[in-house]
Amino acid sequence: MRPQRRNPAKKETPPPFAQKGSPGIIIASGMRRSGSTWMFNALRFILEEHGYNPYFRFRAIFDPADLKQGVAIIKTHKMVKELAKHADVIITSHRDLRDVAASSVRFVRMNAPKIQGTFKKLQDDVLKQKEKADLEEANAGGKGVSGRAFPNEAATPLAIMRALRLNFRDYKHWAAIADYDMRYEDMVRDPVAEVERLSRLLKMPVDAQEIVRKVNAISEEAHKSEDKRHQEAKPVGYFRKYHVTDGGFGTYLKTISENVATRIERVFGRWQMRQGYGLNHIKPSEVRKPKQPQRPRRKQDD
């Protein structure tokens, strides 16, 4: 039986962040592999500390039923415009894209072969284009935990860059309308301060150290669990068994090659510099310039 995703709420009054006529809906979006699950659980525990028992779902589409459940947190990565229209608060998160790429590769390796289907399309694209050099580079990475083979095709430069572009596209749309954009590195350095920022945004003061303790506890619980099924993950707050693959930052070259890091800087270098991450493998002049929209050609008279 699937676990219930909402218990009867202890409080019926809308939370302080709710707009007039709204039950109080938070969108916890975020760049994949940027601490968005940590952020989601911190928000959930902040609400619970104030007597709410929020409804929550992971969504990639808009479901009107979510708006009728009272106080709610909708976790998502994919940009859903209809969902954004109904949010009282939108919170997203970001991270150095080189570390995002490395974390994504580690996540695939650690969870293989359980989640190979997630990357099936990327694998097909790689095989169709016969990226033999890419495959050789990825194959040098070895095996996943317990010596099991992992889907190396998903760790090729081609697959990494495609996944990163899709990830960044969704993040960029959410970031443009977000009330707050959590920086992964700040959360890792000082999670208590991060919880304090989230609680101020919601106008719901809490014992930040206690919230951090609770989030860490369910992350550890998930790591010890044998059940990796994302859909059944409510008891551990959407954390998977190997959800946290490293937990640090700046260590991407332990997982991805310098070739991949260079590609990332060329494509996303402008954003990396604006966020203060800098460039380690190319000069600023080597960053790819954004494409200018082409003007439609005027038809010449016959």
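Because the structure is predicted, anything quoted here is derived from the model rather than measured.

**Quick notes on the overall build of the protein**
Piece 1. Counting its secondary structure elements, the protein contains 10 helices and 5 strands.
Piece 2. When each of the 302 residues of the protein is scored for burial, the buried share is 49%.
Piece 3. Here the protein displays about 16,200 Å² of accessible surface, and carbon together with sulfur accounts for 49% of that area.

**What about helix α1 (residues 36-49)?**
Piece 1. Its 14 residues place the ends of α1 20 Å apart at the C-alpha level, agreeing with the 20 Å of an ideal helix rising 1.5 Å per residue.
Piece 2. Across the 14 residues that make up α1, a large majority, 12, are buried.
Piece 3. Within α1, burial applies to S36, T37, W38, M39, F40, N41, A42, L43, R44, F45, I46 and L47.
Piece 4. Where α1 terminates, the next one or two residues include G51, which has phi positive at roughly 90°.

**Points about the pairing of strand β4 (residues 89-94)**
Piece 1. β4 sits mainly inside the fold: 6 of its 6 residues count as buried.
Piece 2. One ladder, built from 3 bridges, connects strand β1 (residues 25-28) with β4; its direction is parallel. Each residue of the ladder has a partner; that of I27, found in β4, is I90.
Piece 3. As defined by bridge partners, β4 adjoins strand β5 (residues 180-183) across 4 bridges and the pair is classed as parallel. Residue pairing across strands places I91 opposite Y180, the latter belonging to β5.

**Here we look at the pattern of salt bridges**
Piece 1. Here the structure, examined in full by the defined rule, presents 12 salt bridges.
Piece 2. Between R44 and E48 there is a salt bridge, with its nearest N and O atoms 3.7 Å apart. Of this pair, R44 and E48 both sit in helix α1, 4 residues apart, which is roughly one turn of the helix.
Piece 3. Judged by relative accessible area, which is 27%, E48 ranks as partly exposed.

**Points about the confidence of the model for the protein**
Low pLDDT marks stretches whose predicted atomic positions should not be read closely.
Piece 1. Confidence in the prediction of the protein, expressed as mean pLDDT, is 80, and 70% of residues score 70 or more.
Piece 2. Across residues 115-135, confidence stays below pLDDT 50; counting only partners more than four residues off in sequence or on other chains, it has 32 contacts.
Piece 3. Low pLDDT (under 50) marks residues 228-235, which in the prediction has 21 contacts with non-local residues, meaning those over four places away or in another chain.

**Digging into the packing of aromatic side chains**
Piece 1. Under the criterion given, the structure shown has 6 aromatic pairs.
Piece 2. With a centroid separation of 5.9 Å and an interplanar angle of 40°, the aromatic rings of W271 and Y277 are classed as tilted. Exposure class is identical for W271 and Y277. Each is buried.
Piece 3. We note R44 situated over the ring of F45; from NZ or CZ to the ring centre the distance is 4.8 Å.
Piece 4. Directly above the aromatic system of Y184 lies the positively charged group of R95, at a separation of 3.9 Å from the ring centroid.

What counts as what
- Residues numbered from 1 in each chain as written.
- Predicted model: local features only at pLDDT ≥ 70, side-chain atom pairs only at ≥ 80, totals over all residues.
- Heavy atoms only, no water.
- Helix = DSSP H or I, 4+ residues; strand = E, 2+ residues; numbered from the N terminus.
- Buried < 20%, exposed > 50% of the residue type's maximum accessible area, 1.4 Å probe, protein only.
- Areas by Shrake-Rupley, 256 points an atom, 1.4 Å probe, with all protein chains shown as cover.
- Expected span 1.5 Å × (residues − 1).
- Pairing = 2+ DSSP bridges.
- Salt bridge = Lys/Arg side-chain N within 4 Å of Asp/Glu carboxyl O.
- pLDDT = per-residue confidence, 0-100.
- Contact = heavy atoms within 4.5 Å.
- Phe/Tyr/Trp six-rings, centres within 6.5 Å; stacked < 30°, edge-to-face > 60°.
- Lys NZ or Arg CZ within 6 Å of the ring centre and 35° of its normal.

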